[in-house]
Amino acid sequence: LALIRRYWSHDERGILTAQTNVASCLGDLGRHDEALVLKREVYARRVATRGVSHKSTIVSGSNVIASMLDLKLWDEAKSFARDRLLPVARQSLGADHDETLKINHRLAA
C-alpha cells in the first residue's frame, strides 16, 4: 500500500482498491478494528471524490457496516445504515438493487 501511494499517487482508484483489499485481509485475520479504520478512510475518500450516491461509495459504506457488525458496534452500524447509507442506496440504486438489499440485510442483523 505504501508503494502504491508513493509511485502511483495519481491513481486514486488504485489506492482505494488496494486499501479495500488490505482491509479485507485484516478482517480475515481477525484484526477488525484496523479493518474498520481503513474502510472508514476508503468510504470518506469515495464520498469526497465520487459523492454519496455513487455505487462504489455505497459499496464502501456497506463494507464499513460489515466491519462495525464484526466488532459488535450494533448501534453505530444501525444508525449509519438507517440514517445515512440506506436512503441514498434506495434513491440512487433502487430498492431492489443487490447492494440496497445487502444493506437491508445487514440492518436486520
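Quick caveat: nothing in here was measured; it's all calculated off a predicted structure.

Caption draft 1: Looking closely at empty space enclosed by the protein. Across all of its chains, the model carries 1 cavity of 30 Å³ or more by this definition. Every residue lining the largest cavity is listed: T20, K39, V42, S60 and N63. At the level of elements, helix 3 (32-50) and helix 4 (55-70) are the ones that each hand at least two residues to the lining of the largest cavity. Looking at side-chain class alone, the lining of the largest cavity contains 1 nonpolar, 3 polar and 1 charged residues.

Caption draft 2: Highlighting helix 4. Between its terminal C-alpha atoms helix 4 stretches 23 Å, which fits the 22 Å expected from 16 residues at 1.5 Å a residue. The buried fraction of helix 4 is high, at 12 of 16 residues. Considered for burial, the residues of helix 4 that qualify are S56, T57, I58, S60, G61, S62, V64, I65, A66, S67, M68 and L69. Where helix 4 is buried, its residues contact helix 3, helix 5 (74-92) and helix 6 (98-108). Downstream of helix 4 by one or two residues, K72 has phi in the positive range, about 60°.

Caption draft 3: A look at unusual backbone geometry. The residue K72 is not glycine, and still its phi comes out positive at about 60°. As for its placement among the helices and strands, K72 is situated in the loop between helix 4 and helix 5.

Caption draft 4: Looking closely at the side chain of S56. As for its placement among the helices and strands, S56 is situated in helix 4. Relative accessible area serves as the criterion here: at 17%, S56 is assigned to the buried category. Engagement of the side chain of S56 in a polar contact is seen with the side chain of H54, the distance being 2.9 Å. Beyond its immediate sequence surroundings of up to four residues, S56 is in contact with R46 and R50.

Thresholds applied
Residues numbered from 1 in each chain as written. Predicted model: local features only at pLDDT ≥ 70, side-chain atom pairs only at ≥ 80, totals over all residues. Heavy atoms only, no water. 1 Å grid on protein atoms, 1.4 Å probe; cavity = no way out; pocket = protein on both sides within 12 Å on 5 of 7 lines; lining within 4 Å. Points joined across faces, edges and corners; volume = space filled by probe spheres on them. Helix = DSSP H or I, 4+ residues; strand = E, 2+ residues; numbered from the N terminus. Nonpolar A, V, L, I, M, F, W, Y, C, P; charged D, E, K, R; others polar. Expected span 1.5 Å × (residues − 1). Buried < 20%, exposed > 50% of the residue type's maximum accessible area, 1.4 Å probe, protein only. Contact = heavy atoms within 4.5 Å. Polar contact = N/O pair within 3.5 Å; in protein donor to acceptor, adjacent residues only side chain to side chain.

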